[in-house]
Amino acid sequence: MAVWALGINHTTAPLDLRGRFAFALDHIAPTLQGLRQSLGHSGGGTSRHPGVETAIISTCNRTEIYCAGDQPAMDHTLGWLAHSGGVSPALLRSHSYTLEDSLVARHAFRVASGLDSMVLGEAQILGQMKDAVRAAETAGALGTTLNQLFQRSFAVAKEVRSSTEIGAHSISMAAAAVRLAGQLFEDLGKIRVLFVGAGEMIELCATHFAAKNPKQIAIANRTLERGEKLATRFGGEVMRLADLPERLHEFDAVISCTASSLPIIGLGAVERALKKRRHRPMFMVDLAVPRDIEPEVKALGDVYLYTVDDLATVVQTAQANRQAAVAQAEAIIDAGVQSFMHWMELRSPAAAEGGVVPLIQQLNAQTDEWRALEIARAKKLLAKGEDVDAVLEALSRGLTQKMLHGTLAELRAGDAEVRAQTAQTVSRLFLRSQSKTTNNTNGL
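About the thresholds
- Residues numbered from 1 in each chain as written.
- Predicted model: local features only at pLDDT ≥ 70, side-chain atom pairs only at ≥ 80, totals over all residues.
- Heavy atoms only, no water.
- Axes fitted to C-alpha atoms, helices over the stretch in contact; angles between N-to-C directions.
- Helix = DSSP H or I, 4+ residues; strand = E, 2+ residues; numbered from the N terminus.
- Parallel < 35°, antiparallel > 145°, perpendicular 65-115°, else oblique.
- Contact = heavy atoms within 4.5 Å.
- Nonpolar A, V, L, I, M, F, W, Y, C, P; charged D, E, K, R; others polar.
- Phe/Tyr/Trp six-rings, centres within 6.5 Å; stacked < 30°, edge-to-face > 60°.
- Buried < 20%, exposed > 50% of the residue type's maximum accessible area, 1.4 Å probe, protein only.
- Lys NZ or Arg CZ within 6 Å of the ring centre and 35° of its normal.
- Pairing = 2+ DSSP bridges.
- Expected span 1.5 Å × (residues − 1).
- Bend = angle between axes of the 7 residues up to and from the residue.
- Polar contact = N/O pair within 3.5 Å; in protein donor to acceptor, adjacent residues only side chain to side chain.

A word on the packing of helix H17 (residues 388-412) against helix H18 (residues 416-430)
Step number 1: As a packed pair, H17 and H18 sit with axes 8 Å apart at the nearest point and diverge in direction by 150°. Judged by the angle between their axes, H17 and H18 are roughly antiparallel. Listed contacts from H18 to Leu404, Thr407, Glu410, Leu411 and Arg412 of H17 are Arg419, Thr422, Ala423, Val426 and Phe430.
Step number 2: Each residue belonging to the contact of H17 with H18 can be placed in one class, and the counts come to 5 nonpolar, 2 polar and 3 charged.

Structure, rendered in structure tokens:
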């Protein structure tokens, strides 16, 4: 199997270009089906049963396509994505990155661990990746290879977060927004704050701003029920998006992050709000991709508008304090990449021809047979009323004897040289530290 990935992120593509390739989570399934059918026509399968595994991760900072198939189809994947965003393949290529095999694994592990994020060590991306994997599973687009890739990326991310301080010094987007607002307003306790949207990012921002006890908090959302839940939590009010233009002037700070494909706060609405405010300054943060606030608003003299890209310099503080944690995380990722590539090698045709895969399958079948025999024997003893502890002891002893019988027989057979070689093999297989046993063969 070949594994390849194509992506754009906050370091390779400007905000407006990224907005062209933002896929809402509820649209991922049909999008994946379209991609798989396109790849199927290119030779990776049939349109009815595409043979290529696919997954799409789409956040405000990145859109990435992961694929696995018999042969890499990077150019076709890039062409499909360019067409979906309405740009030329040449333009997309100039702002994208392409990866194959071990580089795909390394990138996925770094993304899951927060090492490739605008906010180094942020944890939100891990949840977004898990949502993307669930969407791919639901769409039937995920197979054994990509499933292994992502499950291992989650395991690596967990180890990075538990073993290092990668996230200890990070400044979140929400905290950065509060910091910038504090530079404009002397006392955040005297301002009125409007949050547009009710998703995870808005909830995080509202939590940070609420800690400053602003004079008023309001939530504007397309669905009132979801907005009411968030407003109730922070002691605020809720309004409909349709009422936003008429009430915009009431607020000193506006933070927006919705899944709208078009801007919901236009230049005209902000100009009218400023006139009603008699040009008192407005602080605005647009965390959406595509944009929620028309970019022309930034040119207004009394508006301080920041996008996700504008916040990059704010969140990249305390860099020196994080270098040691990054080095630790990269070492963990290196080990994870080696483990994944070893797993891939075991599934290759060469490994199959060498008898490795069939041997593993035979071992699994033999151990399953032994386990079934011992469980059946234990059930009979329990049915006869035998003591549970005694039955469990007999079960474990029976399994141990079956698994060690051949090994012990080989250690006793042959001449001294053969026994010495067998002893070395047995020591390596049975007596090594469990912590070194990292290769997962269950997926074979």
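After presenting the structure, the write-up continues.
A look at the packing of aromatic side chains
Step number 1: A full pass over the atoms with the stated rule returns 4 aromatic pairs.
Step number 2: Each ring, one from phenylalanine 195 and one from phenylalanine 209, has its centre 5.9 Å from the other, and the planes form 70°; the classification is edge-to-face. Of this pair, phenylalanine 195 sits in strand E5 (residues 192-196) while phenylalanine 209 is found in helix H9 (residues 200-210), placing the two residues 14 residues apart along the sequence. Of the two residues, phenylalanine 195 and phenylalanine 209, both sit in the buried class.
Step number 3: Positioned above the aromatic ring of phenylalanine 154, the side-chain terminus of lysine 130 is 5.6 Å from the ring centre.
Step number 4: One Lys or Arg, lysine 298, reaches over the ring of tyrosine 306 and ends 5.8 Å from the middle of that ring.

Remarks on the pairing of strand E2 (residues 53-58)
Step number 1: Most of E2 sits out of view: 5 of its 6 residues are buried.
Step number 2: With 6 bridges joining them, E2 and strand E3 (residues 62-69) adopt antiparallel strand pairing. Paired with isoleucine 57 across the bridge in E3 is glutamate 64.
Step number 3: Here E2 hands over to E3 after 3 residues, the two strands then running antiparallel side by side.

What to know about the sheet that holds strand E4 (residues 97-100)
Strand pairing in a sheet relies on backbone hydrogen bonds, with the paired strands running either antiparallel or parallel.
Step number 1: The sheet built from 4 strands is open, its strands ordered E2-E3-E1-E4 with antiparallel pairing. Both edges of this open sheet fall to E2 and E4, since each of them pairs with a single strand only. Averaged over all pairs of adjacent strands, the angle between their axes in this sheet comes to 15°, without regard to strand direction.
Step number 2: Sheet strands in contact with helix H7 (residues 144-163) are strand E1 (2-9), E2 and E3, and its direction is about 35° off that of E2.

A look at the sheet that holds strand E7 (residues 237-240)
Step number 1: Here 6 strands make up an open sheet; going across it, the order is E7-E6-E5-E8-E9-E10 and the pairing parallel. Where the open sheet ends on each side, the last strands, each with one partner, are E7 and strand E10 (303-307). Going across the sheet, the axis of each strand differs from the next one's by a mean of 20°, ignoring polarity.
Step number 2: Pairing geometry for strand E8 (residues 253-256) and strand E9 (residues 282-286), over 4 bridges, is parallel. Its bridge partner being in E9, alanine 253 is matched across the sheet by phenylalanine 283.
Step number 3: Along the sheet, helix H8 (residues 173-184) makes contact with E9 and E10, crossing E9 at roughly 165°.
Step number 4: Lying on the sheet, helix H10 (residues 224-233) is in contact with strand E6 (216-221) and E7; it crosses E7 at an angle near 160°.

Considerations on H17
Step number 1: Taking 1.5 Å as the rise per residue, H17 with 25 residues should run 36 Å; its terminal C-alpha atoms sit 35 Å apart, in good agreement.
Step number 2: At leucine 404, H17 is bent by approximately 45°, the largest bend along its length.
Step number 3: Those residues of H17 that sit buried are Val391, Gly398, Leu399 and Thr407.
Step number 4: Where H17 begins, one side-chain oxygen reaches toward the backbone nitrogen of aspartate 389, 3.2 Å away; that side chain belongs to aspartate 387.
Step number 5: The first or second residue beyond H17 is glycine 414, which carries a positive phi of 75°.

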